[in-house]
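Take a look at the letters that make up each chain.
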Amino acid sequence: MSRRGRVTVGVLVGVFLLFTLLGWAIDAYTDYLWFDEVHFTGVYTGVLVTRLLLFLVIGLAMALFIAANLYLAYRLRPLLRPHSAEQATLERYRMAIQPRLGTWITVVSAVIGFFAGLSAQSRWKDWVLFQNSQPFGTPDPEFKVDIGFYIFEYPLWRYLLGVGFTAIVLSVIGALAVHYVFGGVRLQGVGDRMTAAARAHLTTLVAFFVLLKAIAYILDRRALLLEQHVSPGLYGAGYTDVNALMPAKEILAYISIVVAIAIIVFSNAVMRNLVWPGVALALLAISAVAIGGIYPLAVQNFQVQPSLADKEAPYIARSIEATRAAFGLTETEVRPYAASSTRPPATLASDTSAQNVRLIDPQLVSEAYTQQQQVRGFYDFGPKLDVDRYTLTKDKPQDYVVGVREINDNALTTQQQNWLNRHTVFTHGYGMVAAPANQVVCGGLPYFVSGFLGDDQQPGCASATEEIKVEQPRIYFGEQSTEYAIVGQKDESKKTEFDRPQPNNNNAEERYTYAGAGGVPIGSFFRRLVFAIKNTESNFLLSDAVNEKSRLMYVRDPRSRVEKVAPFLTIDGDPYPAVVDGRVKWILDGYTTAATYPYAQRINLQEETTDELTNRGTVALARDNINYMRNSVKATVDAYDGTVTLYEFDDQDPVLKAWNQAFGGKLITPKAQTPPTLAEHFRYPADMFKVQRNLLARFHVTEPNEYFSGQDFWQVPNVPDDPDSEVKQPPFYLNVKLPGQDDTRFQLTSAVTPNNRDNLAALISGSYVDNKPRLEILELPDQTAIQGPVQVHQRMTNNALVRSELTLLSNSNQSQVQFGNLISLPVGDGMLYVEPVYVKSGQQDAVPLLQKVLMSYGDGGTYVVLANNLKEGLDKLVAQGKSNQPTTTTPPTGTETPPAGNGPPVLTGQLAQAAADLDKAIADVKAAQVSGDFAKYGASLQALDVAMTNFQNAQKAAGVATTPPKGPVAQTSVNPSASASTPVPAASGG
């Protein structure tokens, strides 16, 4: 290469390295500023130093080992090489390499060391846990070694063993190449094909490789407790592993040591050739196949398979016990529940649990929150709201559906999309909106009690005053805060941030200047320059909006903030807001996980937590394979200043103790220091519950023989209104008292069905008692006739009277019927099923309105009502139970012969008046839909329900089954005979 070419290449390489290093430096600096803002610089420096040390130590060790072997191979070269065509060919390579041998060795070793260091720095978590290992206090069932060895030490030993194998293999390849180039190894010519020095060098490396193999056999014996071996499909060492494979690996370890010694001795001291070392290696390979493969296979086929259940029974028991311990299932309380009552009891309407059933579906009602409480089109509540509880009246906690009003950057108009507006004007949301979970008003809307933008609430549709007091309602850190925000002004009178519309004047705006401590100060020119480069945005330097008092907020969504502060935690996919001591705080659940718990079942975290709500306001977890999980941390993020706090929740978790110790012991706030006002809002985490529920579907069976047969396994049902989708029904939060519980609790509940069947098998609930998690199972008798969620939904919607009303609701102005979450609740020694029914009209920007409540009791099809509200539905069920007249699932038929003629029969008397009232009610519904008045629309729907009931009663009194003569909608929708065969339109929601 010419001098100009070398200079050009050098300049290009320099520019590339400059920009690469500059990018790394800027990222590192801005990360440090962010950690300094949240006061967790110890995490940043601790992780960074650990990764750098691992990179340097492993990379340098690998590079030195490779370099030493390459240089040794060169030093051991023969001074005199026999003449041959092969050596003549290699001479030109020797002439190219030898003058710059040091450079070649350095470059090759540095490249290998660099990639080895990159691999090592990614294992920083293994090293930190190894350094800070904690005892579990529980030995494994086979070797009686504390489980802490497998969690904290085994992963690092396995990694270091892999590094050793890699170093030796690369050294053998490199040394063999050097020996060949410089004549130590020859393929042609007279005499030995390998010099004594080359033979000693290479055989020593091979001997070390075999010694590492001996260590690998020892670790493989421990690894058998972590692999899937136990039938049927369980993890851990089974009968064949314990009685054949473990002894075989121990024997192979001893054989490997003997072979390593034989390789060194026979090749260098006794026979000084490679024949016997080769024989030794061949014997090791044959032994590995015979002892480690054929013998265990024979034991499995001839001893275990003929009596598999008996042979595997002790190891099945080990897997069951370990899985229950690893996932916190050991203390699960199982109670039988006969569900023997199939008739609604007289006390049903007064039952507290029945009255507390949640009607508002957080997924479906989000649109109503957004439309009714946004005022401006860029406000948004997200695709799914959250459920929490507050004690506002009578010292009784009540469920509330809550959401925060945030800025949706994608909903800004084209004019609002410029840099100044996106980052300095529309910086925050405003208010946390809440509504009771079992109350609707104004035609199906929630009854809002907080988060108001002004005092112009519609009477009867919302509370007159804020019932949940918030001292600082501004939301600078939220789930939809995807853009960075620049806040703060040197002139306090100059307010640029949009705060909210002025009360009673939606065309005017209130402005605000941030006064908190959140964000990174960017007043200096240097910091503005750094962030201008990082964000490739010159406005950091040119815009007047950035001044000496400015603060930059980035990484603003709560989940990302906690993940950054605690990178060792797996964060639950559903953060939720709560008002704590007058401030809006995001509460997040953090999990410590591991994948090396002996005998515990291994699961894929993403697969186990996926259901209908995944990616609909919740975040799908990573595809991590784990076999240990604890809800160890409750984290909070202040919505105004972004403060992150980690509270210890499981004070017995050794993994959390190790991580806390690794960062100085002050990273996690002790459980005793958790504010009681915050603990009141802790709820059983959804993702943890899903994992435990899915495992309990099998591991509620604790007898090995019963588990082996698999006859008593359960499964999570699909969503009831769309079972063919194969999407699992999500669990739901309720503030109820289940049978066997002492008082009302806020708990997460889920129904399960027998495997490959649809009837109900059990109800699983998770709650907190004295701030400790508790899992409970209400198990129904085997072969129970009680229906599961899918069957109940089908039977209720196929009821003739229900079907006719649903058809009427859907036919009005092309409306769409959507079903909320079907709740199965044990009440009065039986089962109560409640499913809210929403109606969404075909008009543009229409929102789903809760119009009806579909309820049944007993077997799901005998006693069915479609009521306007929860109280009415309970009263109707009680009335049916008292009269012992269940609703029929077949349409009533008239006994009189209709008049002759082609037209409809002539109606007279009460029946004619009822038909006229029904026609008028239908016309009122259409008019309300056209006007867009939701309150009027809801009132007209209620009047329609009354008119239809009166018409049906008039039909029965007249002894005929006919339809009103006016209007095509009435004729096709009201007649039970016609509507019974009309399919209910496809519904969404859950």
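One can find the structure itself at the top, above this paragraph.
Residues numbered from 1 in each chain as written. Predicted model: local features only at pLDDT ≥ 70, side-chain atom pairs only at ≥ 80, totals over all residues. Heavy atoms only, no water.

Asker: How would you summarise the state of the cysteines if you had to cite specific residues and measurements?
Answerer: According to the stated counting rule, one finds one disulfide in the structure shown. Residue pairing for C442: its cysteine sulfur links by disulfide to C461, the two sulfurs lying 1.6 Å apart. Between C442 and C461 the sulfur-sulfur dihedral comes to about -100°; the bridge is accordingly left-handed. Taken as a pair, C442 in the loop between β10 (440–441) and β11 (445–446) and C461 in the loop between β11 and β12 (474–475) lie far apart in primary sequence, 19 residues in all. Of the two residues, C442 and C461, both sit in the buried class. (Disulfide = S-S within 2.5 Å. Helix = DSSP H or I, 4+ residues; strand = E, 2+ residues; numbered from the N terminus. Buried < 20%, exposed > 50% of the residue type's maximum accessible area, 1.4 Å probe, protein only.)

Asker: Can you lay out the packing of aromatic side chains for me, pointing to particular residues and giving the numbers?
Answerer: Considering all chains together, one arrives at 40 aromatic pairs under this definition. Ring centres of Y369 and F448 lie 5.0 Å apart, and the angle between their planes is 80°; this geometry places the pair in the edge-to-face category. Placement of the pair is Y369 in helix α12 (residues 366–372) and F448 in the loop between β11 and β12, with a sequence separation of 79 residues. Given a relative accessible area of 0%, Y369 falls into the buried group. On the numbers, 5.7 Å between centres and 50° between planes, the contact of F426 with F498 is tilted. Taken as a pair, F426 in the loop between α13 (419–425) and β8 (429–430) and F498 in strand β14 (residues 497–502) lie far apart in primary sequence, 72 residues in all. (Phe/Tyr/Trp six-rings, centres within 6.5 Å; stacked < 30°, edge-to-face > 60°.)

Asker: Give a description of the sheet that holds strand β16 (residues 520–521) that names residues and reports values.
Answerer: An order of β13-β17-β16 is seen for the three strands of this open sheet, with the pairing classed as antiparallel. Edge positions in the open sheet fall to β13 (485–487) and β16, since each of these has one partner strand only. Here three bridges tie β13 to strand β17 (residues 551–553), and the two strands are oriented antiparallel to one another. Note on β17: the bridge partner recorded for I486 is L552. (Pairing = 2+ DSSP bridges.)

Asker: Can you tell me about the pattern of salt bridges, naming the residues and giving the values?
Answerer: Counted by the stated rule, this structure contains 33 salt bridges. A salt bridge links K564 to D31; its shortest N-O distance comes to 3.4 Å. Note that K564 is positioned in helix α16 (residues 558–565) and D31 in helix α1 (residues 3–38), a separation of 533 residues in sequence. Residue classification places K564 among the partly exposed residues on the basis of a relative accessible area of 24%. Take D31: its relative accessible area is 24%, and that puts it in the partly exposed class. Linking K634 and D589 is a salt bridge whose minimum nitrogen-to-oxygen distance equals 2.3 Å. Here K634 is found in strand β23 (residues 628–638), whereas its partner D589 is found in strand β20 (residues 583–594), with 45 residues between them in sequence. Of the residues examined, D589 reaches a relative accessible area of 4% and is grouped as buried. Each of E333, R335, R745 and E776 takes part in one network of salt bridges that share partners. (Salt bridge = Lys/Arg side-chain N within 4 Å of Asp/Glu carboxyl O.)

Asker: Please give an account of unusual backbone geometry that cites residues and values.
Answerer: What is expected of a backbone is that most residues other than glycine have negative phi and most peptide bonds are trans. Cis geometry marks the peptide bond from S231 to P232, where omega comes out at 0°. If you trace the backbone, P232 turns up in the loop between β1 (228–230) and β2 (234–235). Positive phi is not limited to glycine here, since N756 has a value of about 65°. Turning to its location among the elements, N756 is positioned in the loop between β27 (745–754) and β28 (762–769). Taking relative accessible area as the criterion, N756 reaches 69% and is therefore assigned exposed. Backbone geometry places D770, a non-glycine residue, at a positive phi of 55°. One can find D770 in the loop between β28 and β29 (772–779). For D770, a relative accessible area of 71% puts it in the exposed group.

Asker: Summarise the environment of T645; cite the residues concerned and give the values.
Answerer: Here T645 is to be found in strand β24 (residues 644–648). Sequence spacing of T645 and I668 is 23 residues, and the spatial spacing of their C-alpha atoms is 7.9 Å.

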